[in-house]
Amino acid sequence: MKIQIDDKLDPTKPRPVKVPRPGYAFRDNDRIQFDSPEFAAMIWNKCGLRDRWKELWEHPKWGLETVQGESITSGTRNNKRIRHAVGLSRNIRMYRYQQGQSFGAHYDESVDEKDDEGNDVVSEYTVLIYLNGERDSDLLGGETVFYPKGKKPIPTSGTIPTTRGGAKKGGGGGGAKASGNGNANATGTTGTTGARDSGPSYVLPNGGVAVKPERGLLLVHKHGDECMLHEALIVQRGFKYVLRTDVVYEP
Ligand SMILES: O=C(O)CCC(=O)C(=O)O
Ligand SMILES: [Fe+2]
């Protein structure tokens, strides 16, 4: 099923704060989409993602990879079959967020598609590659925020704050604490204190785990039934560029 987009909402007006039903999301970012198995294969094979995936997700002892559709989060991995990713989805999306633009809270859905040989595959993880960040551009804001169960986005008005990291109505990132662990994986962040600028992820006062865009930083999260509620906060200044694809598996 496709995500239904409501592009008509005005980003300068308060956004809906209700936790969305799966399949629905507000967003007003600019975006292009193209199908390119070559581009997908290039990122998977040549940018080191395939090797990292094998190392982290498919390791026989401590890999996080799913077994027959279920995440291995506890218990023994003995006698469990590690599933191997086929690669990246050919469905490449490029986002540009301008000042004031955002992608409201939503869940990413798993999608059935075909690989190069026409075999059925299913997407299981979202891959986001940030193409710029605050260090190498004018960007301020635009964090991707993940909400653990029971935590919700806070209301935002779209107001652009004047002070960096200060209290603000829009964006919801004010007064954020950093995890300081340099781990862009939302599930790996435990909420220790630190400055907003000390790492790519930190915990917001509302319990959301924010990942700050950084050029070349790759963020992966499970989608489909196990997707965490997440959103991209309002860009407060400059532009945010992101590339999106998915990791696909045999069904
Ligand atoms: O742009 C972002 O930070 C998040 C994008 C996103 O959630 C999506 O593509 O589903
Ligand atoms: Fe998403």
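Quick caveat: nothing in here was measured; it's all calculated off a predicted structure.

Asker: What's the story with the packing of aromatic side chains in this structure? I'm lost.
Answerer: Each pair of aromatic rings is reported with the distance of its centres and the angle of its planes. All chains considered together, the criterion is met by 9 aromatic pairs. Measuring from ring centre to ring centre gives 6.2 Å for Tyr95 and Tyr97, while their planes differ by 85 degrees; the resulting arrangement is edge-to-face. Summarising the burial analysis for this pair, Tyr95 and Tyr97 share the class buried. Their ring planes at 25 degrees and their centres at 6.1 Å tell us that Phe239 and Tyr241 sit as a pair that is stacked. Taken together, the ring pairs in this structure connect Trp44, Trp53, Trp57, Tyr125 and Tyr249 into an aromatic cluster. Geometry around Tyr125 places Lys222 over its ring, the cationic atom sitting 4.7 Å from the centre. In this structure, Lys240 packs its charged tip against the face of Tyr97, placed 4.3 Å from the ring centre.

Asker: Is there a simple way to explain the site of ligand 1 in this structure?
Answerer: Taken together, Tyr95, Tyr97, Phe103, His106, Asp108, Leu128, Thr144, His230, Ala232, Lys240 and Arg244 form the complete shell of residues around ligand 1. In this structure, an oxygen atom belonging to ligand 1 sits 3.0 Å away from a side-chain N or O atom of Asp108. Within the contact set of ligand 1, an oxygen atom lies 2.5 Å away from a side-chain nitrogen or oxygen of Thr144. Taken by itself ligand 1 offers 300 Å² of open surface, and the protein chains cover 100% of this. Under a 2 Å grid-point criterion requiring more than half of the atoms, the pocket assigned to ligand 1 is the largest cavity. Only β5 (91-97), β6 (103-106), β15 (229-232) and β17 (240-249) provide two or more residues apiece to the shell around ligand 1. Taken together, the residues of the shell around ligand 1 sort by class into 5 nonpolar, 3 polar and 3 charged.

Asker: What should I look at first to understand the coordination of the iron ion (ligand 2) in this one?
Answerer: Ideal geometry at a metal centre: 109.5 degrees between donors when four sit tetrahedrally, and 90 or 180 degrees when six sit octahedrally. Protein-derived coordination of the iron ion (ligand 2) comes from His106 (NE2), Asp108 (OD), Asp108 (OD) and His230 (NE2), at a distance range of 2.1 to 2.8 Å. The site at the iron ion (ligand 2) holds 6 donor atoms, and with the angles between them running 51 to 169 degrees, its shape is irregular. When the donor residues of the iron ion (ligand 2) are listed from N- to C-terminus, their spacing reads H-x1-D-x121-H. Residue His106 is located in strand β6, and its partner His230 is located in strand β15; the two are separated by 124 residues in the primary sequence. The same class applies to His106 as to His230, namely buried.

Asker: Looking at this model, I keep getting lost on the environment of Tyr147. Mind explaining?
Answerer: Among the structural elements, Tyr147 can be located in strand β10 (residues 144-147). Here Tyr147 falls in the buried class, since its relative accessible area comes to 3%. Residues Tyr147 and His230, spaced 83 residues apart in sequence, show a C-alpha to C-alpha distance of 6.0 Å. Those residues in contact with Tyr147 that lie beyond four places of it in its chain are Lys152, Pro153, Asn206, Gly208, Met228, Leu229, His230 and Glu231. A polar contact is formed between the side chain of Tyr147 and the side chain of Glu231, at a distance of 2.6 Å.

Asker: Teacher, can you tell me more about the side chain of Glu113 here?
Answerer: Mapped onto the secondary structure, Glu113 falls in strand β7 (residues 112-114). Among the polar contacts made by the side chain of Glu113, one reaches the side chain of Ser89 at a distance of 2.9 Å. Among all residues touching Glu113, those that are not within four sequence positions of it are Ser89, Arg90, Asn119, Asp120, Val121, Ser123 and Val248.

Asker: Would you mind going over the confidence of the model for the protein with me for this structure?
Answerer: The predicted coordinates ought not to be read in detail in places where the model reports low pLDDT. Across the protein, the average pLDDT comes to 76, with 65% of residues at 70 or higher. Under a pLDDT of 50 for its full length, residues 1-11 has, in the predicted model, 25 contacts with residues more than four places off or in other chains. Across residues 157-195 the pLDDT falls below 50, and counting only partners more than four positions away or on other chains, this stretch makes 88 contacts in the model. Across the assembled chains, the prediction reports ipTM 0.99 with pTM 0.75.

The rules behind each value
- Residues numbered from 1 in each chain as written.
- Chains lettered and ligands numbered in written order.
- Predicted model: local features only at pLDDT ≥ 70, side-chain atom pairs only at ≥ 80, totals over all residues.
- Heavy atoms only, no water.
- Phe/Tyr/Trp six-rings, centres within 6.5 Å; stacked < 30°, edge-to-face > 60°.
- Buried < 20%, exposed > 50% of the residue type's maximum accessible area, 1.4 Å probe, protein only.
- Lys NZ or Arg CZ within 6 Å of the ring centre and 35° of its normal.
- Near = heavy atom within 4 Å.
- Polar contact = N/O pair within 3.5 Å; in protein donor to acceptor, adjacent residues only side chain to side chain.
- Areas by Shrake-Rupley, 256 points an atom, 1.4 Å probe, with all protein chains shown as cover.
- 1 Å grid on protein atoms, 1.4 Å probe; cavity = no way out; pocket = protein on both sides within 12 Å on 5 of 7 lines; lining within 4 Å.
- Sits in = over half its atoms within 2 Å of the grid points.
- Helix = DSSP H or I, 4+ residues; strand = E, 2+ residues; numbered from the N terminus.
- Nonpolar A, V, L, I, M, F, W, Y, C, P; charged D, E, K, R; others polar.
- Donors = N, O, S within 2.8 Å, 3.2 Å for Na, K, Ca; no water.
- Tetrahedral: all angles 85-135°; square planar, octahedral: opposite > 155°, others 65-115°.
- Contact = heavy atoms within 4.5 Å.
- pLDDT = per-residue confidence, 0-100.

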